[in-house]
Amino acid sequence: MKLHIFVITSVLVLAACGNNTNQATAKTSVTTDGKHSVEYITQRLNAIYNDVYSNAFMLIENDHKYMSSEYNRLQDKAMEIAQRNGDLVVDADHWIQGQEWTEPKMTVQSVNDITENTANAVVKITKFGGTPDESEDLITLPLVFERGDWYIDNMIQQWEGETLDEKAWYQRYVDNDGILE
């Protein structure tokens, strides 16, 4: 009798393990292109920020290279309205999260919620690397997979207890034709 219970238990455990393996494979095999992993997305973000920091004075050009199509469309529309209204839309560089910097650095803190078309990352931006004035900001980067790779769809940060969402701000600016209250 004990042997019979042991055999039944073993079969159930093996069946459950086999079932879990299939479920795990189904969850992680979103795509087979090799670009839907924490490691790849981390490498992509490191490459993006290394390029941006070597071309630091090309804000819009860097955005067009590395931000999503939707983000760029919204930003371009906001810039068009701002030019017409004589407004200053961008007064800081979102790649460094400020106006002043020396030796900026980006460190990927986490990458999660990877799906076929979206992922989220949190990065730490250090504006004054290795100096007593070193400043760090944590930025949430919603990512989208388009044009065969990952692009940043938004930059979201906390500032003095308030959430600063760039895309939401651009959308509000565009929706109100540049009039913000």
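Residues numbered from 1 in each chain as written. Predicted model: local features only at pLDDT ≥ 70, side-chain atom pairs only at ≥ 80, totals over all residues. Heavy atoms only, no water.

Peer 1: Sorry if this is basic, but what is going on with the pattern of salt bridges here?
Peer 2: Should their charged atoms come close, side chains of opposite charge can pair. Under the definition given, this model contains 8 salt bridges. A salt bridge links R44 to D149; the nearest nitrogen and oxygen atoms lie 3.6 Å apart. Placement of R44 in helix α2 (residues 38–54) and of D149 in strand β4 (residues 149–152) is noted, with a sequence separation of 105 residues between them. There is no split in this pair, since R44 and D149 are both buried. (Salt bridge = Lys/Arg side-chain N within 4 Å of Asp/Glu carboxyl O. Helix = DSSP H or I, 4+ residues; strand = E, 2+ residues; numbered from the N terminus. Buried < 20%, exposed > 50% of the residue type's maximum accessible area, 1.4 Å probe, protein only.)

Peer 1: Even after reading the chapter, I still don't get the pairing of strand β6 (residues 162–165), so can you show me in this structure?
Peer 2: Walk down a regular strand and you will see the side chains alternate between the two sheet faces. Across 4 bridges, strand β5 (residues 156–159) lies against β6 in antiparallel orientation. By the bridge assignment, Q157 is partnered in β6 with L164. Here β5 hands over to β6 after 2 residues, with E160 in that stretch at a positive phi of 50°. (Pairing = 2+ DSSP bridges.)

Peer 1: Explain the nonpolar core here, please?
Peer 2: Taken as a class, soluble globular proteins show a tendency for nonpolar side chains to be buried jointly. By size, the foremost hydrophobic cluster in this structure holds 34 residues, and its most contacted members are L45, Y49, W95, V123, L141, L143 and I152. Of all the secondary-structure elements, those providing two or more residues to this core are α2, α4 (69–85), β1 (105–112), β2 (118–126), β3 (136–146), β4 and α5 (166–175). For this core, the element with the highest residue contribution is α2, accounting for 7 residues. If sequence neighbours within four positions are ignored, L143 has contacts with I41, L45, N117, T118, A119, A121, W150, Y151, I152 and D153. (Core = buried A, V, L, I, M, F, W, Y, C linked by side-chain atoms within 4.5 Å. Contact = heavy atoms within 4.5 Å.)

Peer 1: What is the right way to look at the confidence of the model for the protein chain in this model?
Peer 2: Caution applies to low-pLDDT parts of the model: their predicted coordinates are not meant to be read in detail. When pLDDT is averaged along the protein chain, the result is 79, and 73% of the positions lie at 70 or above. Mean pLDDT in the protein chain bottoms out at helix α1 (residues 2–28), which sits at 35, and peaks at β4, which reaches 98. (pLDDT = per-residue confidence, 0-100.)

Peer 1: Explanation requested: α5 in the structure shown.
Peer 2: Helical periodicity: at 3.6 residues per turn, an α-helix aligns residues three or four positions apart in one direction. For α5, every residue scored as buried is listed here: E166, K167, Y170, Y173 and V174. For α5, the arc enclosing every buried residue in end-on projection is 125°, short of the 170-degree limit, so these residues lie on one face. On the buried face of α5, the contacting elements are α4 and β6. Sitting at the amino-terminal end of α5 is D165, which places a side-chain oxygen 3.2 Å from the backbone nitrogen of K167. Where α5 terminates, the next one or two residues include D177, which has phi positive at roughly 50°. (Arc of directions from axis to C-beta. Polar contact = N/O pair within 3.5 Å; in protein donor to acceptor, adjacent residues only side chain to side chain.)

Peer 1: Explain the packing of helix α3 (residues 59–66) against α4 to me, please; I cannot follow it from the model alone.
Peer 2: The angle between the axes and the distance between the axes are what describe a pair of packed helices. Where α3 contacts α4, the two axes come as close as 9 Å, and the packing angle between them is 150°. With respect to α4, the axis of α3 lies roughly antiparallel. Listed contacts from α4 to I60, D63 and H64 of α3 are Y71, N72, Q75, D76 and M79. In terms of residue class, the contact of α3 with α4 is built from 3 nonpolar, 3 polar and 2 charged. (Axes fitted to C-alpha atoms, helices over the stretch in contact; angles between N-to-C directions. Parallel < 35°, antiparallel > 145°, perpendicular 65-115°, else oblique. Nonpolar A, V, L, I, M, F, W, Y, C, P; charged D, E, K, R; others polar.)

Peer 1: Would you explain the packing of aromatic side chains in this entry?
Peer 2: Centre distance and the angle of the planes are the two values used to describe a pair of aromatic rings. For the structure on display, the rule yields 6 aromatic pairs. Plain terms: the ring middles of W169 and Y170 are 5.7 Å apart, the flat faces sit at 65° to each other, and that makes the pair edge-to-face. Aromatic ring contacts, followed pair by pair, group Y71, W169, Y170 and Y173 into a single cluster. Above the ring of Y151, the side-chain terminus of R44 is found at 4.9 Å from the ring centroid. The ring of Y151 carries R147 above its face, with NZ or CZ at 3.8 Å from the centroid. (Phe/Tyr/Trp six-rings, centres within 6.5 Å; stacked < 30°, edge-to-face > 60°. Lys NZ or Arg CZ within 6 Å of the ring centre and 35° of its normal.)

Peer 1: I keep staring at the packing of α4 against α5 and nothing clicks. Help me out?
Peer 2: Packing of α4 against α5 brings their axes to within 9 Å, and their N-to-C directions diverge by 45°. As far as their axial angle goes, α5 and α4 are oblique. As for the relative orientation of α4 and α5, their crossing is left-handed in sense. Facing E70, Y71, R73, L74, Q75, K77, A78, I81, A82 and N85 of α4, the residues of α5 in contact are E166, K167, Y170, Q171, Y173 and V174. For the contact of α4 with α5, the per-class residue count stands at 8 nonpolar, 3 polar and 5 charged. (Left-handed = near helix turned anticlockwise from the far one by under 90°.)

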